[in-house]
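Chain by chain, the residues:
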Amino acid sequence: MSQRFTATGRSEVGLHRSGNEDSALINGVLIAVADGMGGHAGGEVASKVAITTLAQILPLLNNDEMDSESLEDFLLTALVDVDDEIRITAEANDRLSGMGTTLTSVALYRGKAYVLHAGDSRAYRLRGKEFTQLTKDHSVVQELIDAGTISEEEATVHPQRSVLTNVLMGHGNITPLLLEYDVKDGDKFLLCSDGLNAVLKNSEIESLLKGEDALNKLIELTYERGAPDNVTVLIAEVGSGDSPTQFLGAAK
């Protein structure tokens, strides 16, 4: 049997939010998190559009006949399709003007994990004792960190910490990013909206992911820290199991 995800997730409203703008998808071959923006109504719609549009690739991932190059092209096109759907939806309703969303997903196919990424929702992997952040935030502060202008500690309080440089807003200027990783049985992937990593350090996420009941403990610690934003966390282990398709957050 081909490798599959056994996955679980939670999406909760932040303590200072009136609604949940996050959406998420769990499936045996695909997990994804989207964090909407543009006001509660717009953000919720944008993230839902992203997740439901991405979910249309599920039949492809369950078909083992496509070569890797064709799959990569299809995944990159899927991100462009999401951007187009956001534009079409916003143009049909003035209230949704300016909405947008991040999107980070991991797809399993023929022994590989394909990470599709735009924005600052994150993907991590735990392989044995080795914990790795697979994605890099598409944000102004990340660019400043990369340039050596500010430290990671300074980034947490920087006035532009919420400004994204690559995000799905229907403007047609998205830069699709697709990363490819080998997969081993037992690998754990964690996807989250920035409501988690803006509050918890990577070392804290790693420590809890290595323990029991990681999903609930991550959410609980976020709430103990004040949960200023909505928080969505998915944890998926690679093996021979399977997860039925489910939607979390705004995409219910």
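Just above sits the structure.
The text that follows walks through the structure, step by step, so that each part is easy to find. Fair warning: this is a prediction, and the values are worked out from it, not measured in the lab.

**Quick notes on the overall build of the protein**
Looking only at helices and strands, the protein has eight helices and 12 strands in total. What you see for the protein is a C-alpha radius of gyration of 17 Å, in line with the 18 Å of a compact globule of 252 residues. Across its three principal directions, the C-alpha atoms of the protein cover 50 × 45 × 35 Å. In the protein, which comprises 252 residues, the share counted as buried stands at 52%. Sequence separation of at least 24 residues holds for 72% of the intrachain contacts in the protein that already meet a minimum separation of 6. Surface exposure of the protein reaches about 11300 Å², of which carbon and sulfur atoms provide 47%.

**Notes on the packing of helix H7 (residues 202-209) against helix H8 (residues 214-224)**
In contact at an axis separation of 8 Å, H7 and H8 are set at 145 degrees when each is read in the N-to-C sense. The handedness of the crossing between H7 and H8 comes out as right-handed. Each of Ile205, Leu208 and Leu209 in H7 lies in contact with H8, whose residues at this interface are Ala214, Lys217, Leu218 and Leu221.

**With respect to the nonpolar core**
Counting 33 residues, the largest nonpolar core has Leu30, Leu54, Leu61, Leu71 and Leu103 as its most contacted members. Broken down by secondary-structure element, the contributors of at least two residues to this core are strand S3 (30-37), helix H1 (39-54), helix H2 (58-61), helix H3 (68-91), strand S5 (103-109) and strand S6 (112-118). Not counting the four nearest positions on each side in its chain, Leu103 is found in contact with Ala32, Val33, Ala34, Ala50, Ile51, Leu54, Leu79, Val82, Leu116, His117, Ala118 and Leu168.

**What about the environment of Glu180?**
Turning to its location among the elements, Glu180 is positioned in strand S9 (residues 177-182). Dropping the residues within four chain positions of it, Glu180 is found in contact with Glu72, Lys112, Ala113 and Tyr114. Looking at Glu180, its side chain comes within polar contact range of the side chain of Lys112, at 3.4 Å.

**Observations concerning the side chain of Asp83**
Here Asp83 lies in helix H3. The buried charged residue Asp83 lacks any salt bridge, with Arg87 as its nearest oppositely charged partner at 6.8 Å. At 3.2 Å, the side chain of Asp83 and the backbone nitrogen of Met169 are in polar contact. Within the structure, the side chain of Asp83 is placed 2.7 Å from the backbone nitrogen of Gly170, a separation counted as a polar contact.

**Description of the environment of Gly249**
Along the polypeptide, Gly249 turns up in strand S12 (residues 246-249). Sequence-distant contacts of Gly249, defined by excluding residues within four places in its chain, comprise Ser11, Asn20 and Asp22.

**Concerning unusual backbone geometry**
Its identity is not glycine, yet Arg110 carries a phi of approximately 50 degrees, on the positive side. For Arg110, the position within the fold is in the loop between S5 and S6. Even without glycine at this site, Asp213 takes up a positive phi of about 55 degrees. In this fold, Asp213 is placed in the loop between H7 and H8. Exposure remark for Asp213: the relative accessible area of 44% places this residue in the partly exposed category.

**Here we look at a negative patch on the surface**
Taken together, the side chains of Glu212, Asp213, Glu220 and Glu224 present a region of like negative charge at the surface. With respect to the helices, strands and loops of the structure, Glu220 is situated in helix H8. For Glu220, a relative accessible area of 43% gives the class partly exposed.

**Some details on the layout of surface pockets**
Empty pockets left among the atoms are what a rolling probe the size of a water molecule brings to light. Taken as a whole, the second largest pocket encloses approximately 160 Å³ of empty space. Together, 14 residues line the second largest pocket, and Ser2, Gln3, Leu61, Tyr109 and Arg110 are the ones closest to its centre.

So, how was this worked out
Residues numbered from 1 in each chain as written. Predicted model: local features only at pLDDT ≥ 70, side-chain atom pairs only at ≥ 80, totals over all residues. Heavy atoms only, no water. Helix = DSSP H or I, 4+ residues; strand = E, 2+ residues; numbered from the N terminus. Rg over C-alpha atoms; globule rule 2.2 N^0.38 Å. Buried < 20%, exposed > 50% of the residue type's maximum accessible area, 1.4 Å probe, protein only. Contact = heavy atoms within 4.5 Å. Areas by Shrake-Rupley, 256 points an atom, 1.4 Å probe, with all protein chains shown as cover. Axes fitted to C-alpha atoms, helices over the stretch in contact; angles between N-to-C directions. Left-handed = near helix turned anticlockwise from the far one by under 90°. Core = buried A, V, L, I, M, F, W, Y, C linked by side-chain atoms within 4.5 Å. Polar contact = N/O pair within 3.5 Å; in protein donor to acceptor, adjacent residues only side chain to side chain. Lys, Arg positive; Asp, Glu negative; His and termini not counted. Salt bridge = Lys/Arg side-chain N within 4 Å of Asp/Glu carboxyl O. Patch = residues over 30% accessible without salt bridge, like charges linked within 9 Å, V, L, I, M, F, W, Y side chains within 5 Å. Charge placed at Lys NZ, Arg CZ, Asp CG, Glu CD. 1 Å grid on protein atoms, 1.4 Å probe; cavity = no way out; pocket = protein on both sides within 12 Å on 5 of 7 lines; lining within 4 Å. Points joined across faces, edges and corners; volume = space filled by probe spheres on them.

Without other data, these values stay purely geometric and don't point to any function.
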